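Examining the three-dimensional arrangement
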Amino acid sequence: MNFLDGSLIPENQDKLVITAAPYGPEWIPSDFPSDIAVTMEEQVQKAVDCYTAGASVLHLHVRELDGKGSKRLSKFNELIAGVRKAVPDMVIQVGGSISFAPESDGAAAKWLSDDTRHMLAELDPKPDQVTVTVNTTQMNIFEHMDTGDYAGTSLADPATHEAYREMIVPSGPAWVEEHIRRLSAAGIQSAFQFYNINSFETVERMLRRGVYKGPLVMNWVAISGGMDAPNIYNMANFLRAIPDGSMLTVESSMRNVLPINLMGMALGQHVRCGIEDNLWTQDRKAKMSTVQQIEQLVRIAREIGREVANGQEARRICKIGVFYDTVEETLAKNGFAPNPKPGHQGFLRKAA
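We now turn to the structure provided with this report. This is a predicted model, so every value here is computed, not measured.

**Here we look at the overall build of the chain**
- In terms of regular secondary structure, the chain is built from eleven helices and ten strands.
- Relative to the 2.2 N^0.38 estimate, which gives 20 Å for 352 residues, the radius of gyration of the chain is 20 Å and therefore close to what a compact globule would have.
- For the chain, the residues scored as buried account for 55% of the 352 residues in total.
- In the chain, 77% of the contacts between residues at least 6 apart in sequence involve partners at least 24 apart.
- Counting every atom, the chain has about 15100 Å² of accessible surface; 52% of that belongs to carbon and sulfur.
- Seen as two clouds, the 35 positive and the 43 negative side-chain charges of the chain have centres 5 Å apart.

**Focus: the packing of aromatic side chains**
- The final tally for this structure, using the stated rule, is eight aromatic pairs.
- Here the aromatic rings of F194 and F200 are separated by 5.8 Å at their centres, their planes lie at 80°, and the arrangement is edge-to-face.
- Look at F194 and you get buried, because its relative accessible area is 0%.
- Of the residues examined, F200 reaches a relative accessible area of 2% and is grouped as buried.
- Ring plane angle 65° and centroid distance 6.0 Å describe the contact between F200 and F238, whose orientation is recorded as edge-to-face. Separated by 38 residues along the polypeptide, F200 in helix α6 (residues 197-209) and F238 in helix α7 (residues 232-241) bring together distant segments of the chain.
- Residue classification places F238 among the buried positions, given a relative accessible area of 1%.

**Some remarks on the sheet that holds strand β1 (residues 18-20)**
- Taken in spatial order, the eight strands close into a barrel running β1-β2-β3-β4-β7-β8-β9-β10, and their pairing is parallel. Ignoring strand direction, the axes of neighbouring strands in this sheet form an average angle of 30°.
- Relative to strand β2 (residues 57-60), β1 is paired through two bridges, and the arrangement is parallel. For A20, the partnering residue across the bridge sits in β2 and is L58.
- Against the sheet, α7 touches β7 (189-194), β8 (217-221) and β9 (247-251), its axis set at about 155° to β8.

The rules behind the values
Residues numbered from 1 in each chain as written. Predicted model: local features only at pLDDT ≥ 70, side-chain atom pairs only at ≥ 80, totals over all residues. Heavy atoms only, no water. Helix = DSSP H or I, 4+ residues; strand = E, 2+ residues; numbered from the N terminus. Rg over C-alpha atoms; globule rule 2.2 N^0.38 Å. Buried < 20%, exposed > 50% of the residue type's maximum accessible area, 1.4 Å probe, protein only. Contact = heavy atoms within 4.5 Å. Areas by Shrake-Rupley, 256 points an atom, 1.4 Å probe, with all protein chains shown as cover. Lys, Arg positive; Asp, Glu negative; His and termini not counted. Charge placed at Lys NZ, Arg CZ, Asp CG, Glu CD. Phe/Tyr/Trp six-rings, centres within 6.5 Å; stacked < 30°, edge-to-face > 60°. Pairing = 2+ DSSP bridges. Axes fitted to C-alpha atoms, helices over the stretch in contact; angles between N-to-C directions.

In short, shape yes, function no, at least from these values alone.
See below:
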């Protein structure tokens, strides 16, 4: 991205899109009883509360009545339908893992199979977005955490802790390309989850080959443990690489969430919060609900003069429902340089 004079002035930036991640599949209800929704009615109401507080995108996972993260796509259909009816303007973004929570005590924390995740393209009603991971990587959610971040929760249980520490995100080339094709055919936007510059470069190459022909909407996921560490150098390196026509949401974990969101907000990017990412106030003296986290970001946005997007505005900024006809159009709309033509040397010159 280019940061020209005036880039930090709020009227020169898009309205702020806040993504809420309120379902927290890594937690069990006893970890935060007052904020973890269990019944379907409670889960729908959680979306309503997040939207009312100022979030325009809902990162959606589903919970069963026993409190465990659901792996049944029928439950996803039920929740999507409920949210669509209750808050029709909210952008619904389904988490591409479906649920990475262990199926039983001490079992592995893992993403579901390739074939199962492909079935997200068949959800009915269809979501606006499905998150798409790129390149298989480690996802050790504990690497940059302090023990106080999970003390007293289910993640402190030794077997559960080990399961999450060893988690892998499976995302090989064949699966990614097929997944994108299926989502696009269903009219569902791929919301790319980028863990570092390598995963972004892989998607750029896919755009240049015509695998994906749509807006580049993405999250920079700075949670360490196989992904970028949350610091200004990594963020700046990533921002220098991505084109001006793209839409970026910054994301981190635990008490890094707020400072990363503040940096992203000031730089004209978009933000994500919620108990899937963080449970705490910055002094860690109290747990902080997803709605409280949203309200905090709205207050800060007002202080810096940046307006918060509503659902319709978020749809426009994310370009929901937009796809392109050709590779050339895709590159141009996203702000990339065009593909070189055979024999075109650009700035290069042969030696005499």
